[in-house]
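Working through the structure, step by step
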Amino acid sequence: MRVCTIPAHVPFLDTLAARWLDEQTDNLARGLILLPTRRAARALTGAFLRAGNGQPMLLPRITALGAIDEAPLALAGALDLPPAVAPAERLAVLARMILALPPNAGGVNGADRAWQLARELVSLMDEAERADCDLASRLPDAAEGEHAEHWQITLRFLEIVTRAWPGWLGEQGLMNPAARQAALLRAQALAWRETAPDEPVWAAGMTAGYPAVTELLRAVAQLPQGRVIFPALGLDIDEATWTGLQPGHWQSGLRDILQGLGVRRDEVSTWRAPSAVPGERSAALGRSLLPADALAAWRQPAAVDLGAVTRLTAADEQEEAVAIAMLLRDAIDGESALAALVTPDRALAGRVTAELLRWGVVADDSAGEPLAQSPPAVFLRLLAQAVAQQLAPVALLSVLKHPLAAAGMKPAACRAAARRLDLALRGPKPLAGLPGFRKATEREPVIRDAVERALAPMLRFSNVRLAPREMLLALIEAAEAMARTDEADGASRLWAHEEGEALATLLAEALDPLAHVPDQPPSVLPGLLDALLEGAVVRSRRALRGREERGEHPRVFIWGLLEARLQAVDLVVLGGLVEGVWPSATDPGPWMSREMRARVGLPSPEERVGQEAHDFLATACAAPRVVLSCPRRRDGAPAVQSRFLARLEAWLKGHGAALAADSAGTWAKQLDLPDAPRPVRCPVPRPTAAVRPRRLSVTEIETLLCDPYAIYARHVLRLRPLDPLEQATDYADYGELVHDALQDFFEAIGTDWPANAPELLSKAMDHALQAKLLRPALQEWWAPRLARIAEWVAIEEAERRAPARPVTLRTEVSGKWELDIEGPFLLTGRADRIEKRQDGTVTILDYKTGRVPTGRAVEDGDAPQLPIEAAMTEAGAFGADIAGAASELIYWRLTGGAEPGRAIPLLKSDPTVIAENVADARKKLIALLCRFSRTETAYRSQPHPGRRPRFPDYAHLARCAEWDVREDGE
């Protein structure tokens, strides 16, 4: 047996290359080196160049275990095996099988959900085949008695894996990829056992492996010129601890491989080499990660000099990304220094990539970016959503505002048309589909017709079930039409660059397999497209466009845990050291518990934690300078630091030491810090008298009292708040509906009170409700409320008219009151209802479906609407026929709830008190208008802390949330 190990603090690949050059002096190119990943295989080439001082040389074959299917060494074994089923075809056939199941056996509706379940089944099958687990024979005995009933339902679903799928593979003459990979490894092991090659064969860098990998390594170790080289084998762990290691320990994978090889640790030789990393670091890290049974070793004296290892503690993930980007940028100031971020957190990797761009540094990100987030994929996903939502405004505008959208026009013209369409579509959501879209866009015929032409391939199938393959073809056709400009066809724009090519390849590979999936409603297309794109990545060069003269920086890397294995740099940042991220959450999967997995023979979920622990230790020893990073908060919640980092700090604390804080945390806080804080003050605009408003409505008087800045923004700056897109039908619409119904009713009957008045009132409510064209659910919700309001109004109105009917009744009457406020000033208003009584006085009623001002607010002048309307009526502003002094001011609160309505008379219904209040309101009104007609009066925003506007439409412009002082006297 020729089994070796390279210590964690020694550069693995450089030592491996140097050893090969020392031993293979006759013919360097003669032989084979097997490595765990393609990234490690590429990095070994660089290690050979460094070991040979840059001299040209012929290298041996360097192959990754994962690529053995692409270039099998034992060709005869590969030719004897059936081909592997294509990934898309496997998912499509499994999805069809899931859709065919009855609901009591786990069947689902919708190809999108079935596709996701198919992915889970694929994971289960691949895991079982790597572990040599026969699911068909072991699954029935997986559950204990108390779980048997529920487990029988799961078993019926998993018959897809144990019966249906193996049968389909046999009929097609195909194999699962994982099964074929394992068979190739075994075929290679058999070939080497039968005929040993007359050249060196080295297998290096494996830290864990399923049975087929162990079998191959055993064959390599038995070859005359074979070597198996492990990274960071724990030779200093005592035998009792070594034997009892649990799956979550960083050495458990190596322990299992050694047992499979039949090799004892004392039979493993160590390859040593000079290193810039102190050996004490790997010893300290290894001791800190000892299992609980061996924690007594923590008390033993030990060297705690870790070298240049620091701790970065950021406030949140954004500050963490800024600090890491600054560390990487600072590290490459040297001429040859290499720097890398190692993290399993793709969100953190993306943030660091974006932050590095501020210095023009484009990092070599080994994982790429999710294909689903690339521009062409986002464009297709938005387009699918728009059609599935029947051209709803938000979804449609999302498509039109995408950079790829042109709809046959110049891109700039399409952007301008989309902005105009944005304004046209604001307000309540139009009717679904083409009819609503055409009606809502009547004033924008150019963009309307262009969109309709481009989306025609999809719109003609919008209401029928269709084969998913046909849906996808229609989506592609519509996307190309929507991406077409006046000068370029859509295909050349949509499928351009790396991301477009990758998307085109993925969709082309999915088209034929989708023929296996039965017809589906169009609503499943967005979810199905997301399912197709799930897990796909692309190495896009979008960040380089415009920087071609620089390209990716050759000395800055971002690696995932798999890509970082066996690598060595000058600075390494271990980012995202948070529980649930590194290590990841131990999820046993959707099918079985941990106990059931153990009973079936599947690997424990904790094995992944053990592998991630090995990655943590090996990566932390791979560079002279190491930064361990963990933010205090993540996703808005407190973050729990990784158990690896917590154990290291606890071990250091027990020996009177601690990790030094990295200065990059301070750098990040200061990077974008302004020179000095400049508090935002409340705005105090004082426009000239010439531009101050000379016309206001009665409702705006209350706004002028509580928020003068809103009047300034509306009338001086002439800003109007935009309605939101797909505006929800809210209580304001409900109030408008009630007002319309009561207006129609009282205009029809006037001062009379017919015998069928309750019936007429109910019909008026129904007519107003139908005229609103509301969605059915809202109609059903409001109809009984309106019926209760109609019943209450009929009773209340009959009682009010019993003593004496009004002489004149006017509803929704508009009025204008000309005042002399240092010049002509016009006050306008609209009264819900004014009645002229037989004694010449008037009654003013106001309908409220929401909040009603209190009587105290009316008396104090904080809610002056009705008193001002009374003053206007007395002055004849609403017409001479209803002019007169007010004897009643009444609110009708109409909710249609448990209390359908309530009459709320104001000012004790005393004409004398009302007259005094109206006179006081008139006086205060004139004083208020005079004050705001003068230039020295400022239009302050919300000057009274206790009085807030009901609708603060301009609070964001006044930056109310940012004030830190309130000034009085202005």
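To keep things clear, this report deals only with the structure shown in the data block. (Residues numbered from 1 in each chain as written. Predicted model: local features only at pLDDT ≥ 70, side-chain atom pairs only at ≥ 80, totals over all residues. Heavy atoms only, no water.)

What to know about the side chain of Ser-584
Heads up, the condition is: By definition, any uninterrupted DSSP run of H or I lasting at least four residues is a helix, any uninterrupted run of E lasting at least two residues is a strand, and each is numbered from the N terminus. Under the rule applied, a polar contact is a pair of N or O atoms within 3.5 Å (in protein, one hydrogen donor and one hydrogen acceptor; residues adjacent in sequence only if both atoms are side-chain atoms). Two residues form a contact once any of their heavy atoms are found within 4.5 Å.
As for its placement among the helices and strands, Ser-584 is situated in the loop between β13 (571–574) and α25 (594–600). Within the local environment of Ser-584, its side chain forms a polar contact with the side chain of Arg-608, the two groups lying 3.2 Å apart. Excluding residues that lie within four positions of it along the chain, Ser-584 makes contacts with Arg-608, Val-609 and Glu-612.

Digging into the environment of Asp-330
Here Asp-330 lies in helix α13 (residues 317–331). Between the C-alpha atom of Asp-330 and that of Val-858, which follows or precedes it by 528 residues, the distance is 67 Å. Those residues in contact with Asp-330, other than ones at most four positions away along the chain, are Arg-625 and Trp-667.

Here's the deal with the sheet that holds strand β9 (residues 364–365)
Note the threshold: Strand pairing is assigned whenever DSSP detects at least two bridges linking the two strands. In this analysis, axes come from line fits to C-alpha atoms, helices being fitted only over the stretch in contact, and the angle between any two N-to-C directions falls in the range 0 to 180 degrees.
Read from one edge of the open sheet, seven strands run β9-β12-β8-β13-β14-β7-β17, paired in parallel fashion. Here the strands that pair on one side only, and so sit at the sheet edges, are β9 and β17 (660–661). In the sheet, β13 pairs with strand β14 (residues 625–629) via four bridges, with the strands oriented parallel. Counted as the bridge partner of Leu-571 is Arg-625 from β14. Sheet contacts for helix α26 (residues 606–620): β8 (339–342), β13 and β14; angle to β13, the most-contacted strand, approximately 150 degrees.

Here we look at helix α16 (residues 393–400)
Applicable threshold: Here's how the labels work: a residue is buried when its accessible area is under 20% of the maximum for its type, exposed when over 50%, partly exposed in between, all with a 1.4 Å probe on protein chains only.
A large share of α16 lies buried, amounting to six of its eight residues. Among the residues of α16, those classed as buried are Pro-393, Ala-395, Leu-396, Leu-397, Val-399 and Leu-400. Check the buried side of α16 and you find it contacts α15 (375–388), α17 (411–424), α18 (433–440), α19 (445–459) and α20 (468–483).

Observations concerning the packing of aromatic side chains
The condition is simple: Note on aromatic contacts: the rings of Phe and Tyr and the six-membered ring of Trp form a pair at centre separations within 6.5 Å, being stacked when their planes are under 30 degrees apart, edge-to-face when over 60 apart, and tilted otherwise. By definition here, charges over rings are those cases where NZ of Lys or CZ of Arg is within 6 Å of the ring centre and within 35 degrees of the ring normal.
Inspection of the entire model under this criterion finds 15 aromatic pairs. Ring geometry for Phe-557 and Trp-559: centres 5.2 Å apart, planes at 20 degrees, overall stacked. Like Phe-557, the residue Trp-559 is buried in the burial classification. Aromatic ring contacts, followed pair by pair, group Tyr-709, Tyr-712, Phe-932 and Tyr-939 into a single cluster. It is Arg-358 that lies over the ring of Trp-359; its NZ or CZ is 5.7 Å from the centre.

Things to note about empty space enclosed by the protein
To find the voids left in a structure, one rolls a probe of water-molecule size over its atoms. Rules: Site definitions follow a grid-based scheme: protein atoms alone, a 1 Å grid, a 1.4 Å probe that fits but cannot get out for cavities, and for pockets an open set with protein on both sides within 12 Å along at least five of seven lines, plus lining residues having an atom within 4 Å of a point. Grid points are joined across faces, edges and corners, and a volume is the space filled by probe spheres set on the points. Each residue is assigned to one class: nonpolar for Ala, Val, Leu, Ile, Met, Phe, Trp, Tyr, Cys and Pro, charged for Asp, Glu, Lys and Arg, and polar for all the others, Gly among them.
As enumerated under the stated definition, the model contains four cavities of 30 Å³ or more in all. As a volume, the largest cavity reaches approximately 100 Å³. As for the largest cavity, its lining consists of Ala-384, Val-387, Ala-388, Met-458, Phe-461, Ser-462, Leu-466, Met-471, Ala-474, Pro-522, Leu-525 and Pro-526. When contributions to the lining of the largest cavity are tallied by element, the ones reaching two or more residues are α15, α20 and α23 (525–533). In terms of residue count, α15 provides more of the lining of the largest cavity than any other element does, three residues in total. Taken together, the residues that form the lining of the largest cavity break down as eleven nonpolar, one polar and no charged. As a volume, the second largest cavity reaches approximately 80 Å³. As for the second largest cavity, its lining consists of Arg-692, Pro-693, Arg-694, Leu-696, Leu-704, Ile-821, Phe-825, Leu-929, Phe-932, Ser-933 and Tyr-939. In terms of residues, the lining of the second largest cavity owes the most to one element, helix α36 (residues 911–933), which gives three residues.

Such coordinate-based values are descriptive only and should not be taken to indicate function.
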